[in-house]
Amino acid sequence: MKFTAEQIAQALNGKVEGDKMAEVSTLAKIEEGGKGALCFLSNPKYTHYLYSTKASVVIVNNGFVAEKKYSTTLIRVRNAYAAFAAVLELYQKSRPSPQGISSMAVIAESAKLGKNVFIDAFVVIGENVVVGDNTQIFSNAAISNNVSLGTDCIINSGVKVYEDCIIGAHCTIHSGAIVGADGFGFAPQDSKDYKKIPQIGNVILEDRVEIGANTTIDRATMGSTIIRKGVKIDNLIQIAHNVEIGENTVIAAQTGISGSTKIGKNCMIGGQVGIVGHLVIADGVMIAAQSGVGKSITEENSIVEGSPAFGIRNYQRSYVHFRRLDSLVKRVNELERNSKSK
Amino acid sequence: MKFTAEQIAQALNGKVEGDKMAEVSTLAKIEEGGKGALCFLSNPKYTHYLYSTKASVVIVNNGFVAEKKYSTTLIRVRNAYAAFAAVLELYQKSRPSPQGISSMAVIAESAKLGKNVFIDAFVVIGENVVVGDNTQIFSNAAISNNVSLGTDCIINSGVKVYEDCIIGAHCTIHSGAIVGADGFGFAPQDSKDYKKIPQIGNVILEDRVEIGANTTIDRATMGSTIIRKGVKIDNLIQIAHNVEIGENTVIAAQTGISGSTKIGKNCMIGGQVGIVGHLVIADGVMIAAQSGVGKSITEENSIVEGSPAFGIRNYQRSYVHFRRLDSLVKRVNELERNSKSK
Amino acid sequence: MKFTAEQIAQALNGKVEGDKMAEVSTLAKIEEGGKGALCFLSNPKYTHYLYSTKASVVIVNNGFVAEKKYSTTLIRVRNAYAAFAAVLELYQKSRPSPQGISSMAVIAESAKLGKNVFIDAFVVIGENVVVGDNTQIFSNAAISNNVSLGTDCIINSGVKVYEDCIIGAHCTIHSGAIVGADGFGFAPQDSKDYKKIPQIGNVILEDRVEIGANTTIDRATMGSTIIRKGVKIDNLIQIAHNVEIGENTVIAAQTGISGSTKIGKNCMIGGQVGIVGHLVIADGVMIAAQSGVGKSITEENSIVEGSPAFGIRNYQRSYVHFRRLDSLVKRVNELERNSKSK
């Protein structure tokens with residue numbers, strides 16, 4: 001597969017500056033691209049690579065102004081990042097898609113498989129499962145009884161979906177993610193032993209949800225743990241029973257959300273954040289990495305940090321002082337000495 | 001399945017207040033229950049839902065006093081939460097249990113299977129494995145050589161138990177949990193390279209242990225990593241080599257316990273806690289979420305917070321001041337100004 | 001298998017003190033060893049066990065000087081820890097190694113298998129995969145298209161290696177680890193929805209890398225996520241796309257490293273550490289557990305703590321003051337009272 005700068009510019013609705021016939025056959029980051037590579041430049045931090053890159057073609061924003069010489073051919077577009085993402089997507093779609101149903105899968109007779117599904121070896125599909133059209137299920141995944149999978153999903157190797165869960169359309173679940181394991185509910189007994197509270201609810205993922213590798217989303221005690229449309233969840237995240245996460249919220253790796261907490265839509269939650277149970281987090285809230293949220297956040301679009309978390313500016317101001325606490329203590333010591341000597 | 005309020009009250013040793021013939025056919029949370037639903041009310045925070053619920057029957061504590069009108073039928077019991085848990089359990093037991101041994105499992109001839117075991121497709125059972133009566137092993141689980149599984153266990157899909165480990169009776173292990181992988185032991189070499197220390201011990205889970213999804217419990221270097229009776233461990237938790245966890249201790253998600261640390265019984269450990277290696281934590285200790293424990297805790301029932309952790313009240317007091325550090329610094333600035341001007 | 005103290009001393013190039021004919025048949029920790037056990041003593045904290053141990057033989061450092069009576073036989077060596085590790089290794093190598101290729105594995109015809117490989121039941125090996133000599137792949141592992149596995153690797157049960165990844169020689173990957181899942185890359189859209197950025201790169205593990213259970217290492221957006229020679233990564237760790245980790249760096253459990261960050265060689269990173277994306281961490285840096293690194297660390301061999309992290313001594317000094325903040329505030333209150341009363 002070779003394309004000229006001109007062909008690419010046409011596909012992206014962009015404009016070539018340089019050699020229209022420059023040929024590319026691979027995609028690369030601008031700091032790594034060599035001859036034959038197509039790169040992009042969007043983040044100004046990386047601009048200096050443009051002046052030395054040996055990549056054949058670089059996609060840049062319309063407004064880009066070079067301050068030094070360079071030898072590559074440019075394609076100017078409205079949004080270099082989005083344009084390059086479109087190229088990546090084309091590239092990925094050009095790869096062959098797996099097809100067919102393995103004879104080494106175990107599929108219940110009552111399961112209903114859509115058109116054009118792929119079911120790999122060593123997959124188990126339980127009773128009454130519904131698999132939507134074009135959905136791909138990779139090896140060693142287990143889809144338990146009564147689960148419904150929407151159309152155009154990708155269920156990677158080793159994913160487990162416990163019974164009764166509902167997965168929407170265009171969802172991707174990465175390897176090792178566990179959807180629908182029991183919530184962590186135990187009733188303390190007089191004997192100091194704990195008695196398990198059966199967890200009879202389920203998990204619902206709405207459309208266009210992406211779940212990272214080895215993430216765990218527990219089923220509700222009753223009712224549903226709900227992940228709304230367009231939510232993106234990174235790796236190794238814990239979502240406890242009866243949590244609800246609003247549309248298009250994004251959560252970075254290793255964050256944990258305790259039971260029955262309800263997160264708004266369009267939130268951005270950093271990595272390794274912990275959120276206590278039974279809280280409500282307003283829409284558009286941003287939570288800095290490693291924060292611990294112990295109270296509901298009612299103000300939309302607020303930004304918090306700390307453990308427990310509070311307003312990020314105040315946290316950062318306090319932390320600056322924390323770093324210099326030794327000096328503050330010495331100043332107080334000095335004031336006390338002065339005070340006594342007077 | 002339909003039951004009347006009277007039937008349920010009899011089963012729970014409770015007393016109906018309202019329509020004895022009110023019928024229920026489903027279980028729900030009080031904030032979600034509609035006609036035909038049986039709910040419970042235990043946490044006072046949820047009392048206001050009682051006055052508007054359309055649930056047909058609500059289980060409440062004997063001492064509950066309504067302060068407004070409501071339209072549902074009540075069942076009064078000694079402990080509403082426990083009574084409802086009993087109902088959930090009955091509900092769960094009424095579901096059909098999987099049976100039999102899949103022809104698509106690979107089971108070593110030397111393995112000994114108890115009565116009434118369930119072994120799903122694509123399970124591997126190694127040499128000399130013992131599986132207790134009524135134990136269920138779901139798809140794609142791997143039980144390695146010389147492992148012993150007690151009676152009435154549930155080993156969910158994709159669980160891996162490495163060789164020589166011992167699992168007691170009535171244990172539940174959720175999907176993706178890894179029991180008995182190598183402890184993280186490496187000896188630094190003069191070359192700055194590390195040499196692996198073979199990990200030849202095992203993991204012992206005593207009876208009634210529950211292990212959450214994708215949790216990892218490493219085998220001992222020598223001897224055993226031991227999880228005592230009744231311990232409940234949530235998802236994505238790391239238990240390092242040679243750790244011992246005392247009876248009925250409960251650990252929330254994403255906590256990590258480093259090598260050779262010994263946790264007492266009846267402890268409660270919050271989420272995302274980290275505990276350094278080679279420590280001893282006394283019985284009944286509570287550790288707040290996200291804390292980092294760097295020293296042994298010798299006082300039973302103490303409660304700690306912070307990283308490093310200390311007494312929770314002191315931590316919270318310090319943290320209140322931390323939040324206002326900017327104001328404290330300004331006050332010290334002012335004092336210094338005054339001091340100089342005098 | 002029984003050995004005398006003398007035989008062991010010869011093998012370890014050590015010197016017996018006591019009964020040369022003392023026999024051992026098992027290995028144990030010094031605090032647990034009984035008759036017939038071979039133990040070692042290296043950490044001075046454990047010295048007191050020597051005076052009461054019933055172990056038959058204990059390996060000690062040449063310089064060890066007993067301060068009380070003891071009844072065991074000693075073997076003196078240059079480095080007791082290293083000598084014992086060598087014994088453990090011999091013990092482990094004496095265990096039978098699994099052999100052969102299961103008829104219940106699915107192996108693409110285009111895959112190339114080396115000599116003496118072990119492939120367990122329910123393993124899937126994709127197109128064009130290369131498996132090096134002596135490599136063992138345990139049950140339910142999935143090795144996707146175009147993956148290359150070096151010689152002498154151990155791929156434990158349930159490991160998933162996504163397509164195009166490259167694994168060096170002498171690597172061990174523990175159960176449930178996921179190598180090569182998509183990096184977490186999404187472009188925000190005007191609609192507040194996110195568009196997935198295809199992740200077309202791969203992961204490269206160089207030689208002698210060990211990856212812990214349920215750890216996730218994401219593939220690069222473009223190019224490679226690279227784990228250099230000799231790196232040891234514990235359980236439940238998140239390595240994001242395009243990260244690079246330098247030779248012989250060691251990372252403890254539950255740490256997360258964000259996208260495109262480059263860690264130096266010979267670093268030691270504690271548990272539950274978080275590192276922001278696009279940073280550079282110098283060689284030999286040590287990061288205390290639970291720290292959050294928000295800026296590049298340019299000074300080699302520096303040691304940091306805190307969230308955000310700074311010099312460990314300064315952090316610890318500040319934290320001592322943080323613990324006593326209440327007292328500091330009271331002192332400032334007092335100063336203010338005095339100041340006003342003057």
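Scroll up for the structure.
Within each chain, residue numbers correspond to sequence positions counted from 1 in written order. Chain labels run from A onward and ligand labels from 1 onward, assigned in the order the entries are written. Owing to the predicted nature of the model, reporting of local features is limited to residues with pLDDT of at least 70; listing and counting of side-chain atom pairs is limited to 80 or more, with chain, interface and lining totals taken over all residues. Heavy atoms throughout the structure, all of them, feed into the side-chain values; hydrogens and water do not.

Undergrad: Quick one: what's the story with the side chain of C:Asp234, residue by residue and with numbers?
TA: Looking at the secondary structure, you find C:Asp234 in the loop between strand 28 (232–233) and strand 29 (238–239). Relative accessible area decides the class of each residue, using a 1.4 Å probe on protein chains only: under 20% of the type maximum gives buried, over 50% gives exposed, and in between gives partly exposed. Neither His nor the chain ends contribute to the count of charged residues, in which Lys and Arg are positive and Asp and Glu negative. What counts as a salt bridge is simple: a side-chain nitrogen of Lys or Arg found within 4 Å of a carboxyl oxygen of Asp or Glu. Buried and unpaired, C:Asp234 has no salt bridge, with B:Lys196 as the nearest side chain of opposite charge at 9.5 Å. Every helix listed is a DSSP run of H or I at least four residues long, and every strand listed is a run of E at least two residues long, numbered separately from the N terminus.

Undergrad: With reference to specific residues and values, describe the relation of the copies chain C and chain B.
TA: Least-squares fitting of chain C to chain B yields an RMSD of 0.1 Å, with the transformation described by 0.0 Å of translation along the axis and a rotation of 120 degrees. The two molecules are tied by a three-fold rotation axis, judged by turn and shift. We place the copies in one frame by least squares, fitting the C-alpha atoms of every residue whose pLDDT is at least 70 in both.

Undergrad: How would you summarise the pairing of strand 5 (residues 37–41) of chain C if you had to cite specific residues and measurements?
TA: Residue and element names in this part refer to chain C. Most of strand 5 is tucked away, with five of its five residues classed as buried. Relative to strand 6 (residues 57–61), strand 5 is paired through four bridges, and the arrangement is parallel. Bridging across to strand 6, Leu 41 finds its partner in Val 60. Only strands joined by at least two bridges in the DSSP assignment are considered to pair.

Undergrad: So what's going on with the packing of helix 4 (residues 312–323) of chain A against helix 4 (residues 312–323) of chain C? Which residues, and what values?
TA: To describe two helices that pack against each other, one gives the angle between their axes and the distance between the axes. To define axes, lines are fitted to C-alpha atoms, for helices over the stretch in contact only, and angles between the resulting N-to-C directions are given on a 0 to 180 degree scale. It is at 8 Å that the axes of helix 4 of chain A and helix 4 of chain C come closest, and there the two elements cross at 105 degrees. Regarding the angle of helix 4 of chain A to helix 4 of chain C, the classification is roughly perpendicular. Across from A:Tyr319, A:Phe322 and A:Arg323 in helix 4 of chain A, the residues of helix 4 of chain C making contact are C:Tyr315, C:Ser318, C:Tyr319 and C:Phe322. Classes in brief: Ala, Val, Leu, Ile, Met, Phe, Trp, Tyr, Cys and Pro nonpolar; Asp, Glu, Lys and Arg charged; the others, Gly included, polar. Considered class by class, the residues forming the contact of helix 4 of chain A with helix 4 of chain C number five nonpolar, one polar and one charged. By definition in this entry, angles of less than 35 degrees are roughly parallel, angles greater than 145 are roughly antiparallel, angles of 65 to 115 are roughly perpendicular, and the rest are oblique. Residues are treated as being in contact if the distance between any of their heavy atoms lies within 4.5 Å.

Undergrad: A description of the interface of chain C and chain B should follow, citing residues and the corresponding values.
TA: Taken together, the contact between chain C and chain B spans 60 residues of the former and 69 residues of the latter. Here chain C meets chain B over a buried area of about 5000 Å², counting both sides, of which 59% is carbon and sulfur. On inspection of chain C and its partner chain B, the count reaches six salt bridges. Polar contact is defined as a pair of N or O atoms within 3.5 Å, subject to the rule that within protein one atom must be able to donate a hydrogen and the other to accept it, and that residues adjacent in sequence are counted only when both atoms are side-chain atoms. Counting every contact that joins chain C to chain B gives 32 residue pairs in polar contact (both at pLDDT 80 or more). For the side of chain C that touches chain B, the elements supplying multiple residues, two or more each, are helix 3 (80–93), strand 28, strand 31 (250–251), helix 4 and helix 5 (325–341) of chain C. The element best represented in the side of chain C that touches chain B is helix 5 of chain C, accounting for nine residues. Of the residues that constitute the side of chain C that touches chain B, the class distribution is 28 nonpolar, 19 polar and 13 charged. A 1.4 Å probe defines the accessible area here, and the buried area is the portion of it lost by two parts on being joined, summed over both.

Undergrad: Go over the interface of chain A and chain B, please, and point to the residues and values.
TA: Tallying the contact residues gives 69 residues for chain A and 60 residues for chain B. Summing both partners gives a buried area of about 5100 Å² for chain A against chain B, and 59% of it is carried by carbon and sulfur. When residues of chain A are sorted by the area they lose upon contact with chain B, A:Phe184, A:Tyr194 and A:Met222 head the list and together hold 14% of the total. Across the contact surface, chain A and chain B share six salt bridges. Between chain A and chain B we count 32 residue pairs in polar contact (both at pLDDT 80 or more) in total. At the level of secondary structure, the elements contributing two or more residues to the side of chain A that touches chain B comprise strand 21 (178–181), strand 22 (186–188), strand 23 (194–196), strand 26 (216–218), helix 4 and helix 5 (325–341) of chain A. Residue composition of the side of chain A that touches chain B, by class: 31 nonpolar, 26 polar and 12 charged.

Undergrad: Could you give an account of the sheet that holds strand 11 (residues 118–119) of chain C, with specific residues and numbers?
TA: Residues and elements named next belong to chain C. Across the sheet, which stays open at both edges, the 12 strands sit in the order 8-11-14-17-20-25-28-31-34-37-39-40 with mixed pairing between neighbours. The sheet terminates laterally at strand 8 (100–101) and strand 40 (309–311), the two strands that pair on one side only. As defined by bridge partners, strand 25 (residues 210–211) adjoins strand 28 across two bridges and the pair is classed as parallel. Bridge assignment links Ile 211 to a residue of strand 28, and that residue is Ile 233. Set on the sheet, helix 4 makes contact with strand 39 (303–306) and strand 40; between it and strand 40 the angle comes to about 105 degrees.

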